[in-house]
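This is what each chain is made of:
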Amino acid sequence: MPIVNAFSKAVVRDFSLTELEQAARLMRGYDLVALCAAGSGHSGGTLSMMEIVAALYLKVANHDPNNPDWDKRDRIIWSAGHKAPALYLGLGFAGYFPIEDIVTLRKLYSPFQGHPHRLKLPGVEVSSGSLGQGLSIAVGMALAGKLDNDKHTVFCIMGDGEQQEGNIWEAVMEASHFKLDNLVGIIDRNRLQIDGWVKDVMNVEPLEERYRSFGWEVIVVDGHDMTQVVDGLQKAKSIPAAGKPTVIIANTVKGKGVSFMENVAGWHGKAPNYDELVKALDELGLKETIAYDALLAKAKEYQKEVEVTLAAKTPSFSRDYWWNRGTQMKVKMEPTRKGFGQSLQNNGDDERIVCLGLDISGSITISDFYSGKPERKNRWISMGIAEQSATAAAVGLARDGKLPVFGTYGTFAAARNLDQIRVSICYGNFNVMIAGAHGGVSVGPDGATHQALEDLFAMCGLPNMSVVVPCDAVETRKATDYLLLQHVGPKFIRFAREATPVVTREETPFVFGMANVIRLRREAPEMIDAFDTVLAPNCDNENEDLSIIACGPMVPEAMRAAWILKQEFGYEARVINIHTMKPIDETAIIRAAKETGVIVTAEEHQIGALAWRVSGILTESPELYGTPVITGAIGVKDRFGDSGAPWELIKEFEVSAEHIAQKAVEVLSIAKAKSAKKTEERFQLTH
């Protein structure tokens, strides 16, 4: 059935096959414009989907753009959440919003998040992004339909690489067991994933036979032949196999329609630049049809509004202290993840080291282990998109004397597989190294599903687990060196994605479990030259006004805050780099509390992983009984992440140096007021 009015049941519009083909072509064009405007996103998999999207949203699915929650609608679940632009275009072409609005894709405050968020955009059934979960949600919806005796169909869109997730096959089994003939799975079989061809990364074929063996009806179509796509979808919806769920396997081409993108794995998570956009639109025959320059201008105007909003909510001072804005205190920027890859490359000749890839290998730099070193490839094990199994497999390797290392985005490395980490790794105290990459909001436009803001709660809470959160690329390399070859036991290293300030040198001390104390000495052309760094036990008491205790990329922010506090208010700050979160340097924290009396913590994480631990140390220490200590905390305030540029999100989530400085001034004013009150009380008692 085409798009209908939920109240009158009248047909709003019925698209012909020719019109659907034209819609699919236009969707490709708008997709590329939106991705270009965003400067990031997933070109390959969105382009491979457009015939399916056009057929589903404009011809087959029963839904009403004016009544998105109509209880008789068909449900469309996007398990492959990274293909969100295709979902948005399906909704836009169906009439849920003006199609031009798509150019705010991945921008701060936009409803068009990097991965779908149901609370921001009507028509999005569920929030998604962590692969493998959508089919289970679809099973639940199909069960609800059966319980309510409703006749709607539940569609679930998946990728073929996504079939590597074990969660998928649990749902496949359940759908057959419960005879869910109101459930239709759709697999975009474009045969490519981030790390390469699916068959080479982790083969999932033969999909037809595997689904049939689980009791599913299977329909195979050419995903770019509109007649086959529509016929397959209509058959699955209107004439379901009695008591059997149906899967439509659509053979597609990743990057379809653009010659330089087709069948190229590198275009999985890449957006076209302006010249590439123009070339692609020309190939699609849309260069004169889509007003791409006007759309890009619309995106820029939106961005200006975002910047005005951010400027209004960011604390300001007498001058601009932002990174590399002035002539003084310049910094070099480098992604912390590079230090991880450098260490693996430098130490990889050790025959005990085995690295396990989880499909985003280049992004987190774990593949640097074998880059230019073909002799190491036998110790590179590609596990595909299968975090839980890879975690347990690492235990098997460790049990037999290997030094296994695996990693993925921090939110997947520490959450998707938490039970396996807890029981298989930590309970048995196995020597496994886990890399939690892309930590914090600075991951940027991918949005909440890919921003690790809770991982340290889990990792620091596990017995036997050691946790290191280095501050820059240099410290990340040193930390990886130590954890890889010296530390024995479960270990988790968390690092960021974005290029962050380099504030340590080769000679800067790094001792596992021991904090560094950093002090501003002067303004200098290079920020790294303006500070002295010593091991916490080696620092003298300089009677600073406060201590800023930070971890990870918040250490450079804390240093910049110390600069602001000195220049604007004359306050001296002791910056403490807690690179080892567990075991934490309690001595350095207690000493800072005794000697400064004011503590501000800074973490690019939900407030608490660092702040609560520091507060616990302060309240539990007998050395501090009777000693007044005023505390404040900077971090994410009990909310999920958002899409936006990395440095925008640092401001939006109030974890910049400006916010640290503002909090410090606030806390210091409280401390001064309390001190003044006590002085007055003493005066009154003596007179």
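Cut-offs used in this document
Residues numbered from 1 in each chain as written. Predicted model: local features only at pLDDT ≥ 70, side-chain atom pairs only at ≥ 80, totals over all residues. Heavy atoms only, no water. Helix = DSSP H or I, 4+ residues; strand = E, 2+ residues; numbered from the N terminus. Rg over C-alpha atoms; globule rule 2.2 N^0.38 Å. Buried < 20%, exposed > 50% of the residue type's maximum accessible area, 1.4 Å probe, protein only. Contact = heavy atoms within 4.5 Å. Areas by Shrake-Rupley, 256 points an atom, 1.4 Å probe, with all protein chains shown as cover. Pairing = 2+ DSSP bridges. Axes fitted to C-alpha atoms, helices over the stretch in contact; angles between N-to-C directions. Salt bridge = Lys/Arg side-chain N within 4 Å of Asp/Glu carboxyl O. Parallel < 35°, antiparallel > 145°, perpendicular 65-115°, else oblique. Left-handed = near helix turned anticlockwise from the far one by under 90°. Nonpolar A, V, L, I, M, F, W, Y, C, P; charged D, E, K, R; others polar.

Asker: Describe the overall build of the chain, and please don't skip the residues or the numbers.
Answerer: Of the regular secondary structure elements, the chain holds 23 helices and 24 strands. The C-alpha radius of gyration of the chain comes to 27 Å, within 12% of the 26 Å expected for a compact globule of 687 residues. The principal-axis extent of the C-alpha atoms belonging to the chain is close to 90 × 55 × 50 Å. Residues classed as buried in the chain amount to 60% of the 687 residues present. Relative to all contacts within the chain whose residues are 6 or more apart in sequence, the contacts with residues 24 or more apart total 79%. Accessible area of the chain: about 26000 Å², with a carbon and sulfur share of 50%.

Asker: Tell me about the sheet that holds strand β23 (residues 598-606), and name the residues and values.
Answerer: Spatially, β19-β18-β21-β20-β23-β24 is the arrangement adopted by the six strands of the open sheet, whose pairing is mixed. Single-partner strands in this sheet number two, and they are β19 (531-535) and β24 (630-636). Neighbour-to-neighbour, the strand axes of this sheet turn through a mean angle of 20°, independent of strand direction. Of the strand pairs in this sheet, strand β18 (residues 516-520) and strand β21 (residues 573-577) are connected by four bridges, and their pairing is antiparallel. If you follow Arg519 over to β21, its bridge partner there is Arg574. Along the sheet face, helix α20 (residues 586-596) touches β20 (546-550), β21 and β23 and points at about 170° away from the line of β21.

Asker: Describe in detail the environment of Val229, supporting the description with residues and values.
Answerer: Relative to the assigned elements, Val229 resides in helix α9 (residues 226-238). Judged by relative accessible area, Val229 falls into the buried class, the value being 3%. Put simply, Val229 and Asn346 are 117 residues apart on the chain and 50 Å apart in space, counted from C-alpha to C-alpha. Beyond its immediate sequence surroundings of up to four residues, Val229 is in contact with Glu51, Ile52, Ala55, Val221, Asp222 and Gly223.

Asker: Give a description of the pairing of strand β13 (residues 403-409) that names residues and reports values.
Answerer: Buried residues dominate β13, accounting for seven of its seven residues. Pairing geometry for strand β11 (residues 353-357) and β13, over four bridges, is parallel. Considered in β13, the bridge of Val354 is made with Pro404. Examined bridge by bridge, β13 and strand β14 (residues 433-437) share five bridges and lie parallel to one another. Bridge pairing links Phe406 to Ile434 in β14.

Asker: Describe the pattern of salt bridges, listing the residues and the values that go with them.
Answerer: Evaluation of the coordinates by the stated rule reveals 44 salt bridges. For Lys237, the salt bridge is made with Asp74, and the minimal N-O distance between the two is 2.7 Å. Linking Lys237 in helix α9 with Asp74 in the loop between α3 (50-60) and β3 (75-78), this pair joins segments that are 163 residues apart in sequence. The residues Lys237 and Asp74 share a single accessibility class, namely buried. A salt bridge links Asp349 to Arg376; its shortest N-O distance comes to 2.9 Å. Pair noted here: Asp349 is in the loop between α12 (337-347) and β11 and Arg376 is in the loop between α13 (361-364) and β12 (380-382), with a separation of 27 residues, a long-range link. For Arg376, a relative accessible area of 1% gives the class buried. One network of salt bridges, in which partners are shared, links Arg519, Arg521, Asp532, Glu542, Glu544, Arg574, Arg591 and Glu595.

Asker: Describe the packing of helix α1 (residues 17-38) against α3, naming the residues involved and giving the relevant values.
Answerer: Closest axis-to-axis distance for the α1/α3 pair is 8 Å, and the angle between their directions is 120°. When the axis of α1 is compared with that of α3, the two are oblique. With respect to the hand of their crossing, α1 and α3 are arranged in right-handed fashion. Between α1 and α3, the residues in contact are Leu20, Ala23, Ala24, Met27, Arg28 and Asp31 and Met50, Glu51, Val53, Ala54, Ala55, Leu58 and Lys59, respectively. Taken together, the residues of the contact of α1 with α3 break down into nine nonpolar, no polar and four charged.

Asker: Residues and numbers for unusual backbone geometry, please.
Answerer: Between Glu205 and Pro206 the backbone carries a cis peptide bond, its omega angle lying at 5°. Note on placement: Pro206 falls in the loop between α7 (198-202) and α8 (207-213). In this chain, Lys582 is followed by Pro583 through a cis amide linkage whose omega measures 5°. Relative to the elements of secondary structure, Pro583 occurs in the loop between β22 (580-582) and α20. The backbone of Thr365 shows a phi angle near 70°, a positive value even though the residue is not glycine. Structurally, Thr365 is set in the loop between α13 and β12. Unlike most non-glycine residues, Asn429 shows phi in positive territory, near 55°. Summarising the element assignment, Asn429 is placed in the loop between α16 (418-426) and β14.

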